[in-house]
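So the chains spell out like this:
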Amino acid sequence: MIDFIKGSLILVGACLMLLSAIGLLRLPDLLTRMHATTKAAALGVILIMAAVGMHFAQAGVVARAFAIITFILITAPIAAHVIGRAGYFVGTKLWSGTIKDELRPNYDPLTHELKSGLETRENAKRQPRDSDPD
Amino acid sequence: MDTVILISQVLMSLTLVLTFVRVVRGPSLPDRVVALELFSTTVVGLVGLYAIKTGVASFLDAAIVIALMGFLAAIGFARFLERGGPRDD
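Please read these numbers as outputs of a predicted model, since none were measured by experiment.

**As for the overall build of chain B**
The number of helices and strands found in chain B is three helices and zero strands. Along chain B, from the amino end to the carboxyl end, the secondary structure elements read α-α-α. The C-alpha atoms of chain B give 16 Å as radius of gyration, which overshoots the globular expectation for 89 residues (12 Å, by more than 25%). Projected onto its principal axes, the C-alpha positions of chain B cover 50 × 25 × 10 Å. Buried positions account for 46% of the 89 residues belonging to chain B.

Written out as structure tokens, the structure is:
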């Protein structure tokens with residue numbers, strides 16, 4: 001029984017990683033490619049590491065597999081965010097079918113300044129809070 | 001179990017090949033960085049598979065180090081890209 005669970009975890013994980021590589025190869029622009037690699041590949045590694053923990057079933061190994069899972073879960077979104085941000089800043093072309101680019105009207109590529117369009121003196125004033133010392 | 005591991009190793013080697021195609025073809029540097037990150041993630045999975053196959057749990061330490069290095073490389077490349085200013089490749 002446990003062999004069956006381990007085997008299916010490993011197979012599904014490997015298939016997800018293959019899927020992410022196909023997405024990386026086939027999708028049209030940087031952001032959609034990143035979408036494929038972060039989600040599918042992270043889930044694939046997580047499933048394989050779960051299978052590793054089940055295979056050895058010792059406290060130390062399970063802890064290490066769990067550490068890898070946590071590390072991947074934390075770092076994959078951070079790395080994707082940082083690369084996507086850098087890619088946008090250096091002017092990577094978006095896919096021609098992109099419907100909406102929310103950042104374009106508010107972002108100044110020369111000064112790297114982001115505006116919401118709601119900046120007034122009234123909004124910039126600090127609102128007093130209940131927790132303020134008198 | 002051995003057959004399952006063999007099939008998975010073949011699938012993940014195919015993943016490495018496809019990722020390498022994107023590294024070579026990638027129209028811009030950020031695409032290549034994304035592909036390299038997938039590369040290191042795949043190698044982490046392969047090391048986990050090898051640990052199951054041989055029954056040596058110490059390989060997981062190598063997997064931790066590879067994951068850490070992939071993350072740091074991605075951060076470093078992004079930093080380099082942002083400092084480098086506008087580019088056209």
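**Side note on the overall build of chain A**
Helix and strand counts for chain A stand at four helices and two strands. Its C-alpha atoms give chain A a radius of gyration of 22 Å, clearly above 14 Å, the size a compact globule of 134 residues would have. Looking at the 134 residues of chain A, the share that counts as buried comes to 37%. For chain A, the share of sequence-separated contacts (at least 6 apart) that also reach a separation of at least 24 residues comes to 56%.

**Examining the packing of helix α1 (residues 2-26) of chain A against helix α2 (residues 29-54) of chain B**
Between α1 of chain A and α2 of chain B, the shortest axis-to-axis distance is 11 Å and the interhelical angle comes to 165 degrees. One finds that α1 of chain A runs roughly antiparallel with respect to α2 of chain B. Once α1 of chain A is placed against α2 of chain B, the crossing between them reads as left-handed. Side by side, α1 of chain A and α2 of chain B meet where Ile-10, Met-17, Ser-20, Ala-21 and Leu-24 of chain A of the first sit next to Val-34, Ala-35, Leu-38, Thr-41, Thr-42, Leu-49 and Ile-52 of chain B of the second. Here the contact of α1 of chain A with α2 of chain B is composed, by residue class, of nine nonpolar, three polar and no charged.

**Some thoughts on the nonpolar core**
Counting 55 residues, the largest nonpolar core has Ile-10, Met-49, Val-52, Ile-68 and Ile-83 of chain A together with Val-44 of chain B as its most contacted members. In terms of residues, this core owes the most to one element, helix α2 (residues 30-56) of chain A, which gives twelve residues. Those residues within four positions of Val-44 of chain B in sequence are excluded, and the remaining contacts are Val-45, Met-49 and Ile-68 of chain A together with Ala-63, Ile-66 and Ala-67 of chain B.

**Quick look at unusual backbone geometry**
Unusually for a residue other than glycine, Ala-57 of chain A sits at a positive phi of about 55 degrees. By secondary structure assignment, the location of Ala-57 of chain A is in the loop between α2 and α3 (59-89).

The rules behind the values
- For every chain, the first residue of its written sequence is number 1, and the numbers climb from 1 along that sequence.
- Starting at A for chains and at 1 for ligands, labels are handed out in the order in which the entities are written.
- With the structure being a predicted model, the display of local features is reserved for residues of pLDDT at least 70 and the display and counting of side-chain atom pairs for 80 or more, all residues being used for whole-chain, interface and lining totals.
- Values reported for side chains reflect all heavy atoms of the structure, with hydrogen atoms and water molecules removed beforehand.
- The way it works is that DSSP assigns letters per residue, a run of H or I at least four long becomes a helix, a run of E at least two long becomes a strand, and they are numbered from the N terminus.
- Note on method: radius of gyration uses C-alpha positions; expected globular size equals 2.2 Å times residues raised to 0.38.
- Here's how the labels work: a residue is buried when its accessible area is under 20% of the maximum for its type, exposed when over 50%, partly exposed in between, all with a 1.4 Å probe on protein chains only.
- It only takes one pair of heavy atoms within 4.5 Å for two residues to be counted as in contact.
- Note on method: axes are straight lines fitted to C-alpha atoms, helices fitted across the in-contact stretch only, with angles between N-to-C directions ranging 0 to 180 degrees.
- Here the word oblique covers every angle except those under 35 degrees (roughly parallel), over 145 (roughly antiparallel) and from 65 to 115 (roughly perpendicular).
- Crossings are classed by handedness, with left-handed meaning an anticlockwise turn of the near helix from the far one by less than a right angle and right-handed meaning a clockwise turn.
- When residues are sorted by character, Ala, Val, Leu, Ile, Met, Phe, Trp, Tyr, Cys and Pro go into the nonpolar class, Asp, Glu, Lys and Arg into the charged class, and all the rest, Gly among them, into the polar class.
- As used here, the term nonpolar core means buried Ala, Val, Leu, Ile, Met, Phe, Trp, Tyr and Cys residues forming a set that is joined through side-chain atoms within 4.5 Å.

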